[in-house]
Amino acid sequence: MIDPRLLRESPDVLRESQRRRGEDVGLVDRLVELDAQRRSLQMAYDDVRSEQKHLSKRIGPLQGAIKRGDTSAQGELDALMAEATGLAERVKAADAEAAEATRLAGDAWLRLSNVVDMRAPVGGEENFEVLETVGTPRDFTAEGFSPRDHLELGEMLKAIDVERAAKVSGSRFYFLTGVGALLELALLNLAVAQATRNGFIPVVPPVLVSPRAMEGTGFLGQAAENVYRIESDDMYLVGTAEVPLGGLHADEILPADSLPLRYVGWSTCFRREAGTYGKDTRGIIRVHQFDKVEMFVFCDPDDAEAEHERILRWERDFMDALEIPYRVIDVATGDLGSSAARKFDIEAWIPTQGTYREVTSTSNTTQFQARRLSIRTRTGDEVRPVATLNGTLCAMPRMIVALLENHQRADGTVSVPAALRPLLGLDVLELP
RNA sequence: GGAGGCGUCGCCUAGUCCGGUCUAUGGCGCCCGCCUGCUAAGCGGGUUUGGGGCAAAAACCCCAUCGAGGGUUCAAAUCCCUCCGCCUCCGCCA
């Protein structure tokens, strides 16, 4: 949800934002209309309701007087009652109209995406801008062997088992076994340790959430088709810890001196991956279920941009520690998702694909989620929504893909980056 | 899953049986001021949030807000219904 004042004072900003996203520009004008309607009908209700309250207030004492035997008040009482009864009808009607207008306006608000940061490159998925490329991809030709892809390596190491997972759960599932499982645990520990050092509070959140949390974080809009819904209980399986972490402080006013409030969540993530048939079908790059370590921050809106840079820095630190070549991209407006104003992805070099693939993503959702979830802070006398930001620290399968492929050796063994060695207890992943 | 208890403006709390005097009581905390060598205490005032009136700031006013939603009524914190959450006990269970 965006600031209602923006709609009234500068709808052009919203129109331009919608245009850059490639979303419905007319929605803005319908919202202006619905908002005006809502206000005028609410005002009409307020007035008639006020009248009713004043009238009602005079009835009690009159009834009291009559009860004490003062029959002279009877005439006045009857007149008041008659008037009040008629008024009650009008109140009811006005209430219904105002409620309907509020509902219509509310529905439209929920369809409006966050205002994009005007510095974000305009366009679709392919119109990202590369901000920086870090590290140098290995030259396997010079090393005298052609790299194996992560699935081949994973199978040789008995670390990844996709075939048997298909038996148990279907396509796009996997078992991590042996060193594969250990690798995930080591990555988890490395990530949480880094985040904790940086002042993040570690969290193990629920992954089954209410519609409120899902809608508040913006995942029931165009992203809804990728969400698993538990029909029988009206619950959702989260696609990221961003959802429960965002909801953590719903309906709260956070003390200004508690900000920024940083959480690092470790959770399983569930994604339907609708509309990705035929895409990344091999291996564990695109799966229905995986674990992820996610950073989530509540901060002062004026500090959000700087915090976004910090989160990106921490994501890069993690990649640097794992010695994986990567690039940082500024995601284009059409690929932001409804809640983000700006998004930076880190893409790891994947040798067997000869390209960079997304491994982390950090979004500045400004006050969009906070407004929906009613998460505010007090600055002096002013109460206003906080800003929220999120960023991947480590998405397990993709990080494992990047590790195996980039650090593989000619014989199929994999050297472990120094930062991970003490946590894994191994310098090399040997063939079993 | 069954039975019972509970949910009030940051925290605690009065009010709910019996609808109107609730403009929701009091305490704690917090803010402003007074008093005061300093601090503490004391005294006075303020202190839910949201939507509007209103282009902006202040003041003021209106409406909503007593877990949520609906109903009864001229009028609901209070009566009725549904739902949610918390606590206790029982059952089942990792």
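As a starting point, this report considers the structure included with it.

Calculation criteria
Within any chain, residue numbers begin from 1 and follow the written order of that chain's sequence. Chains carry letters from A onward and ligands carry numbers from 1 onward, assigned in written order. Restriction of local features to residues with pLDDT of at least 70 applies here, the model being predicted, together with a cutoff of 80 or more for giving and counting side-chain atom pairs; totals for whole chains, interfaces and linings are based on all residues. Side-chain calculation: all heavy atoms of the structure are included, whereas hydrogens and water are not. The pairing criterion for strands is at least two bridges between them, as found by DSSP. Each helix corresponds to a stretch of at least 4 residues labelled H or I by DSSP, and each strand to a stretch of at least 2 residues labelled E; elements are numbered beginning at the N terminus. Angles here are taken between N-to-C directions and fall from 0 to 180 degrees, while the axes themselves are lines fitted to C-alpha atoms, restricted in helices to the stretch in contact. We call two residues contacting when some pair of their heavy atoms lies within 4.5 Å. Here, a salt bridge means any Lys or Arg side-chain nitrogen found within 4 Å of an Asp or Glu carboxyl oxygen. Buried residues are those whose accessible area, probed at 1.4 Å on protein chains only, stays under 20% of the maximum for their type, while exposed residues exceed 50% and partly exposed ones sit between those limits. Only centres within 6.5 Å qualify two rings of Phe, Tyr or Trp (six-membered ring in Trp) as a pair; their planes then separate them into stacked at under 30 degrees, edge-to-face at over 60, and tilted for everything else.

**Focus on the sheet that holds strand E11 (residues 326-330)**
And step 1. In space, the eight strands of this open sheet follow the order E1-E11-E12-E13-E16-E10-E9-E4, with mixed pairing throughout. Only two strands of the sheet have a single neighbouring strand rather than two, namely strand E1 (129-134) and strand E4 (201-203). Pairwise comparison of adjacent strand axes, ignoring direction, gives a mean angle of 25° for this sheet.
And step 2. Taken together, the five bridges between E11 and strand E12 (residues 342-350) define a ladder with antiparallel strand orientation. Looking at E12, one finds that Ile329 is bridged to Asp345.
And step 3. Most of the contacts of helix H8 (residues 179-197) go to strand E16 (residues 387-395), to which it runs at about 145°, and overall it touches E4, strand E9 (261-270), strand E10 (289-299) and E16.
And step 4. In this fold helix H13 (residues 396-407) packs onto E10, E12, strand E13 (355-364) and E16, with an angle of close to 45° to the strand it touches most, E16.

**Observations regarding the pattern of salt bridges**
And step 1. Across all of its chains, the model carries 36 salt bridges by this definition.
And step 2. The residue Asp12 makes a salt bridge to Arg15 at a minimum N-O spacing of 2.6 Å. Of this pair, Asp12 and Arg15 both sit in helix H2 (residues 11-21), three residues apart, roughly one helical turn.
And step 3. Judged by its relative accessible area of 54%, Asp12 is exposed.
And step 4. The residue Asp149 makes a salt bridge to Arg282 at a minimum N-O spacing of 2.5 Å. With a gap of 133 residues between them, Asp149 in the loop between helix H5 (140-143) and helix H6 (150-156) and Arg282 in the loop between E9 and E10 connect regions that are remote in the sequence.
And step 5. Judged by relative accessible area, Asp149 falls into the buried class, the value being 15%.
And step 6. The exposure class of Arg282 is partly exposed, given its relative accessible area of 46%.

**Observations concerning the packing of aromatic side chains**
Geometry of an aromatic ring pair is reported as the spacing of the ring centres plus the angle between the planes.
And step 1. Applying the stated criterion across every chain yields a total of five aromatic pairs.
And step 2. For the ring pair Phe140 and Phe145, a centre distance of 5.2 Å and an interplane angle of 85° mean the geometry is edge-to-face. Phe145 carries the same exposure label as Phe140, and that label is buried.
And step 3. Among the aromatic residues, those joined into a ring-pair cluster are Tyr263, Phe296 and Phe298.

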